[in-house]
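An overview of the molecular structure
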Amino acid sequence: MSQTFDTHERNASEALKVLDQKRLGHSGTPKIGLVVQGGGMRGVYSMGALAALEEMGFGQCFDHVAGSSAGALNGAYFITGQAGYGVETYIKYLSRRNFVNPLRFKKMVDIDYLVDHIGKKVRPLDIKKLTSATTMLHIALTDFSHGKTRYVTNRTPGIDLWEAFRASAAMPILYNKPVKVGDGLYVDGSIRAGVPIRRVVDYGCRYAVVVLTRSHSHRTNAKNAWIKSLGWLPTRHYSNALRQALFGEDVDYNTTKSDLSRGNPQISGCSTRVVVISPQSRPDPVSTITTDPKQLMRCALRARLDTWNAFGKSPPQIDNPFAVATSLAPRHCQ
């Protein structure tokens, strides 16, 4: 037990040192990545964690940020220094029936409302700052025809980033239509890249901070015949490959979750040192379609505490930490 704790503590201590060096503008530091899991309204947990990292002064200190679905958009708000602002968006704006309405069968989760009304107008993401940022954002998409993962970034030429966000969050059944990005059609990036840590590993990150929105024990399983039959009508226009990806077991996800759930979190076959921030309880604190503002706030506050604790620190006592985070000027790191 002691060795396991020491290993986890070492990873966090080393990652914290790298982040501090980057915050202070040191050159020649190892690359560090940030991985953000999606999950609809469960994204309030990851946004709370990102707001805590922003509060700690690390808002522009990651070399790469990778995310799918809500994780991709949350990562964008983090890169632009708007994570605290993003938490408030979940609690005050995305908790409304305009966004989540289980009785609106054709579009239970209205991603168009999220992108076109909230993201562009009411709570605008600073898209210009995102495209000029030194941090590279990797947005996971799932190809509508082949069920394979494709990534676009804030540096990919000829890509409308708003459409990339729309596609990455286009949840089957709950939103249920593909989105055109470039020359292809795509849906929810989390179908095959729920925790896209391999992306930051492939880009040479020596350290990775992973923010999960589901507990360590969560795994995906192949859906039984009854569930598949219920899902046939809303997914009848899907390709066989995409249906298999949606209803089958995600082996890569389960392997990654197993790797990360150990006392010494690591990714098989690579030396990247990992720090994990995740909900500690089961069931998860919120669901994909939770809309209770008080429950969402509790989840975000828990994520803030978990994030500070992951680095061996205690958060300062602040009445409204997310409001404070929105007022902080972004620190520019190399």
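Please read all numbers here as calculations on a predicted model, not as lab measurements. (Residues numbered from 1 in each chain as written. Predicted model: local features only at pLDDT ≥ 70, side-chain atom pairs only at ≥ 80, totals over all residues. Heavy atoms only, no water.)

Thoughts on the overall build of the chain
Convention followed: Working definition: helices are DSSP H or I runs of at least four residues, strands are E runs of at least two. Numbering for both runs from the N terminus. In this description the radius of gyration comes from C-alpha coordinates, and the expected globular size is given by 2.2 Å times residues to the power 0.38. Note on contacts: a residue pair is in contact if any heavy atoms of the two residues lie within 4.5 Å.
Looking only at helices and strands, the chain has 13 helices and eight strands in total. At 19 Å, the chain has a C-alpha radius of gyration in line with the 20 Å of a compact globule built from 334 residues. Taken over the C-alpha atoms alone, the chain extends approximately 55 × 40 × 40 Å along its principal axes. Residue pairs in contact within the chain that sit at least 24 positions apart in sequence constitute 75% of those at least 6 positions apart.

Quick word on the nonpolar core
Let me state the cut-off plainly: Note on terminology: a nonpolar core comprises buried Ala, Val, Leu, Ile, Met, Phe, Trp, Tyr and Cys residues joined through side-chain atoms within 4.5 Å. In this scheme, a residue with accessible area under 20% of its type's maximum is buried, one over 50% is exposed, and one in between is partly exposed, where area comes from a 1.4 Å probe on protein chains only.
By size, the foremost hydrophobic cluster in this structure holds 80 residues, and its most contacted members are Leu34, Phe62, Phe165 and Phe311. With eight residues, helix H2 (residues 43-55) is the largest single contributor of residues to this core. Discounting chain neighbours no more than four positions away, the residues touching Phe311 are Ala12, Ala15, Leu16, Leu19, Leu53, Met56, Val209, Val275 and Ile277. Ile197, Ala208, Val210 and Ile267 belong to the second-largest nonpolar core, a separate cluster that totals 15 residues.

Considering the confidence of the model for the chain
Going by this rule: Each residue carries a pLDDT value, the predictor's own confidence for that position, ranging from 0 to 100.
Confidence along the chain averages 91 in pLDDT terms, with 95% of residues attaining 70 or more. In the model, residues 325-334 has pLDDT below 50 throughout and makes 24 contacts with residues more than four positions away in sequence or in other chains.

Some words on the packing of aromatic side chains
Threshold: Two aromatic rings, drawn from Phe, Tyr or Trp (for Trp, its six-membered ring), form a pair once their centres lie within 6.5 Å of each other, and the interplanar angle then sorts them: stacked below 30 degrees, edge-to-face above 60, tilted otherwise.
For the coordinates displayed, the defined rule picks out four aromatic pairs. Ring geometry for Tyr77 versus Tyr85: centroids 6.2 Å apart, planes at 40°, classification tilted. When sorted by exposure, Tyr77 lands in the same class as Tyr85, which is buried. Both rings, one in Phe144 and one in Tyr238, keep their centres 5.5 Å apart while their planes meet at 75°; by these two values the pair is edge-to-face.

A closer look at the packing of H2 against helix H12 (residues 293-310)
The test is simple: Under this scheme, a helix contributes an axis fitted over its contacting stretch, all axes are lines through C-alpha atoms, and angles between N-to-C directions fall in the 0 to 180 degree range. Comment on the angle field: the value is read as roughly parallel under 35 degrees, roughly antiparallel over 145, roughly perpendicular from 65 to 115, and oblique elsewhere. We call a crossing left-handed when the near helix sits turned anticlockwise from the far one by less than a right angle, and right-handed when that turn is clockwise. Just so you know the grouping, Ala, Val, Leu, Ile, Met, Phe, Trp, Tyr, Cys and Pro go in nonpolar, Asp, Glu, Lys and Arg go in charged, and all remaining residues, Gly too, go in polar.
Running from N to C, H2 and H12 point in directions that differ by 45°, and their axes come no closer than 7 Å. Here H12 runs oblique to H2, going by the angle between their axes. In the crossing of H2 with H12, the sense of the turn from one axis to the other is right-handed. Taken together, the residues of H12 that come into contact with H2 (itself represented by Val44, Tyr45, Gly48, Ala49, Ala52, Leu53 and Glu55) are Leu296, Cys299, Ala300, Arg302, Ala303, Arg304, Asp306, Thr307 and Trp308. Class assignment of the residues belonging to the contact of H2 with H12 gives a composition of 10 nonpolar, two polar and four charged.

Things to note about H2
Put simply, the rule reads: Given the number of residues in a helix, its expected span is that number minus one, multiplied by 1.5 Å.
Counted at 1.5 Å a residue, the expected span for H2 with its 13 residues is 18 Å, and the 18 Å between its end C-alpha atoms agrees. For H2, a buried count of 13 out of 13 residues is recorded, marking the element as mostly surrounded by other parts of the structure. Residue Gly57 follows H2 closely and has a positive phi angle near 95°.

Remarks on the layout of surface pockets
Applied cut-off: A 1.4 Å probe that fits into a set of points on a 1 Å grid over the protein atoms alone but cannot get out defines a cavity; an open set with protein on both sides within 12 Å along at least five of seven lines defines a pocket, and lining residues are those with an atom within 4 Å of a point. Grid points are joined across faces, edges and corners, and a volume is the space filled by probe spheres set on the points.
Estimates place the volume of the largest pocket at around 900 Å³. Contributing to the lining of the largest pocket are 32 residues, with Arg42, Ser190, Arg214, Lys223 and Leu246 lying nearest its centre. Split by residue class, the lining of the largest pocket holds 12 nonpolar, 13 polar and seven charged. Computed from the structure, the second largest pocket encloses a volume of approximately 320 Å³. Forming the walls of the second largest pocket are 18 residues, and the residues nearest its centre are Arg192, Val195, Arg198, Asp252 and Thr256. If you list the elements that add at least two residues to the lining of the second largest pocket, you get strand S4 (149-153), helix H8 (197-202) and helix H11 (251-261). Looking at which element gives the most residues to the lining of the second largest pocket, the answer is H11, with five residues. Split by residue class, the lining of the second largest pocket holds seven nonpolar, five polar and six charged.

A closer look at the pattern of salt bridges
Under the convention used in this document: A side-chain nitrogen of Lys or Arg and a carboxyl oxygen of Asp or Glu constitute a salt bridge if their distance falls within 4 Å.
Enumeration over the complete set of coordinates arrives at 16 salt bridges. Here Arg166 makes a salt bridge to Asp112, at a shortest N to O gap of 2.9 Å. Note that Arg166 is positioned in helix H7 (residues 161-168) and Asp112 in helix H5 (residues 111-122), a separation of 54 residues in sequence. Among the residues examined, Asp112 registers a relative accessible area of 16% and is labelled buried. The residue Asp306 makes a salt bridge to Arg302 at a minimum N-O spacing of 2.7 Å. Taken together, the positions of Asp306 and Arg302, both in helix H12 and four residues apart, correspond to about one turn of that helix. Judged by its relative accessible area of 8%, Asp306 falls in the buried class. Here Arg302 falls in the partly exposed class, since its relative accessible area comes to 41%. Connected through salt bridges with shared partners, the residues Lys107, Asp110, Asp112, Asp116, Lys120, Glu163, Arg166 and Lys177 form a single ionic network.

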